[in-house]
Structure formats: structure tokens, C-alpha cells
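# Results of the structural survey
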Amino acid sequence: MHTLTTNEQERLAFAEGYTETAAMLARLDDAHRALGDEAAMQAQLDDANDIINGLRDERDAERDAYRAAMNEADQWHNEAKILRSALMALEAEVQPHIRQFIREVLA
């Protein structure tokens, strides 16, 4: 047994002279089409939201990595300050001609 589509039913009703029924079937066919379009648009919207969420996750991960790198850089900077202070204290205790010799060797 073959079931007619709504569009085919509309054409048959119109051909048989049932114009009001044909008009109602046309509205029903339009509603089915609109519902299908809405479902497709919702699926696209869901896909777009998934992409947005993925991009947000990536952005958050990048931001966290950036913050971790900045914290590490701050730690290295602070350690460099401590080492520079210690070096300056040692230089203050060394005689001037020895300091000059060390600078020449390190240059």
C-alpha cells in the first residue's frame, strides 16, 4: 500500500474539486516544511554553540597557560634580583683591582 505525501494529497483533493480540503492540506504541507526548516536551523545552531564552547575552552586553556608562564617569568625575575643583590654584596667585599680582573675575565 502506498501512502501519499501531503503535497500529493493536496493535488488530488484539488483535482477532485475539494478546494477547501486542498487549501487545508497546503497549509499543513507548509507547516511540515517550516517545522523541518526549524529543526535544521536548530541543528545548525546547536553545532555553532558546540563550536563556540570549544573555542571558549581553548581560549581558557591558552589564558591559563599564559598566566602560568607569566608567574614563572615573575619567579625568574625575582630570583635574578636576589642573585644580583648577592653579587653586588660580594663585589663590595672584593678589592677594586680583583673586581676589574674578574670583569676582564668574564667579558
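For clarity, every value in this text was computed on a predicted model and none was experimentally measured.

### Brief notes about the overall build of the protein
If you tally the helices and strands in the protein, you get three helices and zero strands. Put simply, the protein runs from its N terminus to its C terminus through helices and strands in the order α-α-α. By the compact-globule yardstick of 13 Å for 107 residues, the protein is too spread out, its C-alpha radius of gyration being 39 Å. Seen through its C-alpha atoms, the protein measures out along the principal axes to roughly 120 × 25 × 20 Å. By element, 59% of the accessible surface of the protein is carried by carbon and sulfur atoms, the whole surface being about 9600 Å². Charge separation in the protein, taken as the distance between the mean sites of 11 positive and 22 negative side-chain charges, equals 13 Å.

### Here's the deal with the packing of helix α1 (residues 6–15) against helix α2 (residues 19–93)
Remark: α1 packs on α2, axes separated minimally by 8 Å, with the N-to-C direction vectors making an angle of 165°. One way to sum up the angle between α1 and α2 is to call them roughly antiparallel. For α1 against α2, the interelement crossing comes out left-handed. Between α1, through T6, N7, Q9, E10, A13 and F14, and α2, the contact on the second element is made entirely by T19, T21, A22, L25, A26, L28, D29 and H32.

### Remarks on a nonpolar patch on the surface
A cluster of nonpolar side chains, contributed by I98, F101, I102, V105 and L106, occupies part of the molecular surface with about 510 Å² of accessible area. Inspection of the secondary structure puts I98 in helix α3 (residues 96–106). What makes I98 partly exposed here is its relative accessible area of 37%.

Scoring rules and cut-offs
Residues numbered from 1 in each chain as written. Predicted model: local features only at pLDDT ≥ 70, side-chain atom pairs only at ≥ 80, totals over all residues. Heavy atoms only, no water. Helix = DSSP H or I, 4+ residues; strand = E, 2+ residues; numbered from the N terminus. Rg over C-alpha atoms; globule rule 2.2 N^0.38 Å. Areas by Shrake-Rupley, 256 points an atom, 1.4 Å probe, with all protein chains shown as cover. Lys, Arg positive; Asp, Glu negative; His and termini not counted. Charge placed at Lys NZ, Arg CZ, Asp CG, Glu CD. Axes fitted to C-alpha atoms, helices over the stretch in contact; angles between N-to-C directions. Parallel < 35°, antiparallel > 145°, perpendicular 65-115°, else oblique. Left-handed = near helix turned anticlockwise from the far one by under 90°. Contact = heavy atoms within 4.5 Å. Patch = residues over 30% accessible without salt bridge, like charges linked within 9 Å, V, L, I, M, F, W, Y side chains within 5 Å. Salt bridge = Lys/Arg side-chain N within 4 Å of Asp/Glu carboxyl O. Buried < 20%, exposed > 50% of the residue type's maximum accessible area, 1.4 Å probe, protein only.

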